[in-house]
Amino acid sequence: MLSVPCANSISCEESLHLKIENNAVGVFNGQKVAAPNIDLSEDQDKSVVLGVDTSTEKKYIYVDLATQTLLAYEGKTLFMKTPISSGLWGRTPKGEFRIWTKIRSTRMSGGSGADYYNLPNVPYVMFFSNSEVAASRGFSLHGTYWHNNFGHPMSHGCVNMKTTDVAKLFAWADDDPGTKITIFDSSEIPQ
Amino acid sequence: MIISKKNILVASLFISLLFLGGITMLQQRKTTVNTRVRAALSDSISPTPTIFIPGPLKVEQMDSPDGTATFTMESQSLETHVQYSFYHTDFSKNERKLLFSEDLSQSRLFSIPFNAWSPDNIYVFLNDTEVARDGYIVFSVTGELFADEVRYLDIDELFAAKVPNFTITEVTGWAAPDLLLVNTTENEKGTKVSFWFNVKTQSFIRLSNYFY
């Protein structure tokens, strides 16, 4: 297995566990930013209203690094198409992965100097892995409350999404067995 | 000479016919005269007023990043201009508020980009497009005015005044709650350079990374 650096160089494996810290302040790009409060009981209310997903169609997620776009399919039906932000300071790995766990919130920290970040209550985190990128490396799709610049690389390796979009994807995607995620660069595909 | 009743009747009938025929001829003559008079009138006399029908109301919306609010832009094409109205809806308060209205020339177009909202739901920026010019404006959804009681900031106007050797290529979104990402090219060498625009201080900060 190739050695891949952690997505979050400081929090690394700590980020793999559920952590909720309300009334907290994060740091990103030298700026302070208020983290959203999270109430798990509100999520349980939503799932009661929406009901259980009984679809038997296979689910697929595609992330195109060239266009900074995520597409999610259920069978041949498009479930979602939305802009994302992949790695700017750290590279988002390419390949085929599976979601191995979903957690509602965690803290992520890493970088150094001007690109140091420390972000509590990162919402709707879906960790993915494959034989080359171990689960312990902490690469994920997740929500974003510190920037709103989707369609352009902004992260340290994870796939950032608008929080309202990732909330829907989080409810839809499976983690056992995990939904497949394909990350590619369409500009590398011969025409 | 004795004139019989029959002869009187025949004579009366004859006279009546002559009288009716005469009236008919006169009416025809009148009609003919009137027609000639109408035909002699000029075509330029037209009292019918022109009625302008306003264009349909167009509506664009963008939800805030956390989904707790939405920004709505309504536009309608009128006779000489386009009227825009901007609204903020707070779902937690079930409240829709008019932020402001603006009348623009028909050559100018506002549109809402995907990254319009600041991450803290305080500001919105819009694309402001004219022929041969892509511009951007930013304003607060709380109704708070900027310095000098200005409702919205014209980003490219401010940039041109403060950073004269560069040209904005695109304002892409928010790097932080107060910071818009502004991509530019240097006028002389064509180098790509990114700036932050601090909405609160109205200052531009040059960055070492280019945010492509």
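See the structure printed just above.
Now for a quick tour of the structure. (Residues numbered from 1 in each chain as written. Chains lettered and ligands numbered in written order. Predicted model: local features only at pLDDT ≥ 70, side-chain atom pairs only at ≥ 80, totals over all residues. Heavy atoms only, no water.)

**Some words on the overall build of chain B**
Put simply, the rule is: Put simply, DSSP H or I for four residues or longer makes a helix, DSSP E for two residues or longer makes a strand, and each gets a number counted from the N terminus. Residues count as neighbours in contact if any of their non-hydrogen atoms are within 4.5 Å of one another. Working definition of accessibility: Shrake-Rupley area with a 1.4 Å probe, residue cover restricted to the visible protein chains.
For chain B, the helix and strand inventory stands at two helices and 12 strands. Taken from the N to the C terminus, the helices and strands of chain B come in the order α-β-β-β-β-β-β-β-β-α-β-β-β-β. Contacts spanning at least 24 positions in sequence make up 34% of the contacts within chain B whose residues lie at least 6 apart. With an accessible surface of roughly 13400 Å², chain B has 57% of that area assigned to carbon and sulfur atoms.

**What about the pairing of strand β4 (residues 95-104) of chain B?**
As a reminder of what qualifies: In this scheme, strands are said to pair when DSSP sees at least two bridges between them.
By the bridge criterion, nine bridges tie strand β3 (residues 82-90) of chain B to β4(B) in an arrangement that is antiparallel. Paired with Ser85(B) across the two strands is Ser101(B), which belongs to β4(B).

**Quick word on helix α2 (residues 163-172) of chain A**
How we decide: Buried, partly exposed and exposed residues are distinguished by accessible area as a fraction of the type maximum, computed with a 1.4 Å probe on protein chains only: under 20%, between the cut-offs, and over 50%, respectively.
By the criterion of burial, α2(A) is predominantly enclosed, with seven of the 10 residues buried. The complete set of buried residues in α2(A) reads Thr163(A), Thr164(A), Asp165(A), Val166(A), Leu169(A), Phe170(A) and Trp172(A).

**Examining the interface of chain A and chain B**
Rules: Once two parts are put together, the accessible area they lose, assessed with a 1.4 Å probe and summed over both, is termed the buried area. Criterion for a salt bridge: a side-chain nitrogen of Lys or Arg within 4 Å of a carboxyl oxygen of Asp or Glu. Each polar contact in these results corresponds to two N or O atoms within 3.5 Å; when the atoms are within protein, one needs to be able to donate a hydrogen and the other to accept it, and residues that are neighboring in sequence are counted only if both atoms are side-chain atoms. Note that Gly is not counted as nonpolar here; it falls among the polar residues with everything else outside the nonpolar set of Ala, Val, Leu, Ile, Met, Phe, Trp, Tyr, Cys and Pro and the charged set of Asp, Glu, Lys and Arg.
Each side of the interface is counted separately: chain A has 22 residues, and chain B has 24 residues. Together, Asn148(A), His152(A) and Lys162(A) form the three largest contributors to the area buried by chain A at its contact with chain B, with a combined 32%. Counting every contact that joins chain A to chain B gives zero salt bridges. On the surface where chain A and chain B come into contact, there are eight residue pairs in polar contact (both at pLDDT 80 or more). When residues of the side of chain A that touches chain B are assigned to their parent elements, the largest contribution, three residues, is made by α2(A). Looking at the side of chain A that touches chain B residue by residue, the class counts come to 10 nonpolar, 10 polar and two charged.

**Observations concerning the side chain of Thr70(B)**
Residue placement: Thr70(B) occurs in strand β2 (residues 69-77). Within the local environment of Thr70(B), its side chain forms a polar contact with the backbone oxygen of Met62(B), the two atoms lying 3.3 Å apart.

**Overview of the nonpolar core**
General note: in soluble globular proteins, nonpolar side chains tend to be found buried as a group. Residue and element names in this part refer to chain A. For the record, the criterion: The criterion is simple. A nonpolar core is a set of buried Ala, Val, Leu, Ile, Met, Phe, Trp, Tyr and Cys residues joined through side-chain atoms within 4.5 Å.
Ile61, Val63, Leu70, Met126, Leu141, Leu169 and Ile181 are the most contacted members of the largest nonpolar core, which has 27 residues in total. Contributing elements (two or more residues each) for this core: β3 (59-64), β4 (69-74), β6 (95-110), β7 (117-129), β9 (159-162), α2 and β10 (180-184). It is α2 that provides the largest number of residues to this core, a total of four residues. Among residues more than four places away in sequence, those in contact with Met126 are Ile99, Thr101, Lys102, Phe139, Ser140, Leu141, Val166, Leu169, Phe170 and Ala173.

**Observations concerning the environment of Leu71(A)**
All names here are of chain A. Mapped onto the elements, Leu71 comes out in strand β4. As a C-alpha pair, Leu71 and Thr82 span 11 residues in sequence and 6.7 Å in three-dimensional space. If we ignore the near neighbours within four places in the chain, the residues touching Leu71 are Tyr60, Ile61, Tyr62, Leu78, Met80 and Lys81.

**Some details on the sheet that holds strand β8 (residues 153-154) of chain B**
Residue and element names in this part refer to chain B. Spatially, four strands are ordered β5-β6-β7-β8 in an open sheet, and the strand pairing comes out antiparallel. Since the sheet does not close on itself, it has two edges, and those belong to β5 (109-111) and β8, each with one partner. By the bridge criterion, eight bridges tie strand β6 (residues 123-130) to strand β7 (residues 133-140) in an arrangement that is antiparallel. Considered in β7, the bridge of Phe125 is made with Val138.

**Examining the pattern of salt bridges**
All names here are of chain B. Scanning all chains against the criterion turns up 11 salt bridges over all chains. Note that Arg133 and Asp128 form a salt bridge whose closest N and O atoms lie 3.7 Å from each other. One salt bridge in this structure joins Asp178 and Lys200, with 3.9 Å as the shortest N-O distance. Of this pair, Asp178 sits in the loop between β9 (166-176) and β10 (179-186) while Lys200 sits in the loop between β11 (192-198) and β12 (203-206), placing them 22 residues apart in sequence.

**Some words on helix α2 (residues 155-162) of chain B**
Residues and elements named next belong to chain B. Just so we agree on the cut-off: Arc, as used here, means the arc of the directions from the helix axis to the C-beta atoms.
When we look at burial in α2, the residues that qualify are Ile155, Asp156, Leu158 and Phe159. Taken down its axis, α2 places every buried residue within 160° of arc, on the same side. Summarising the geometry of α2, the exposed residues directed more than 90 degrees from the buried face are Glu157, Ala160 and Ala161. Against the buried residues of α2 lie β7, β8, β9, β10, β11 and β12.

**Examining the packing of aromatic side chains**
To describe a pair of aromatic rings, you give the distance between the ring centres and the angle between the ring planes. Rules: Side-chain rings of Phe, Tyr and Trp (the six-membered ring for Trp) are treated as a pair once their centres are within 6.5 Å; stacked means planes under 30 degrees apart, edge-to-face means over 60, and tilted covers the remaining angles.
All chains considered together, the criterion is met by 26 aromatic pairs over all chains. Measuring from centroid to centroid gives 6.1 Å for Tyr62(A) and Tyr73(A), while their planes differ by 75°, and the two rings are edge-to-face. One end of the pair, Tyr62(A), is in strand β3; the other, Tyr73(A), is in strand β4, and 11 residues separate them in sequence. Ring centres of Phe159(B) and Phe204(B) lie 5.0 Å apart, and the angle between their planes is 80°; on these two criteria the pair is classed as edge-to-face. Remark: Phe204(B) occurs in strand β12 and Phe159(B) occurs in helix α2; sequence separation between them is 45 residues.

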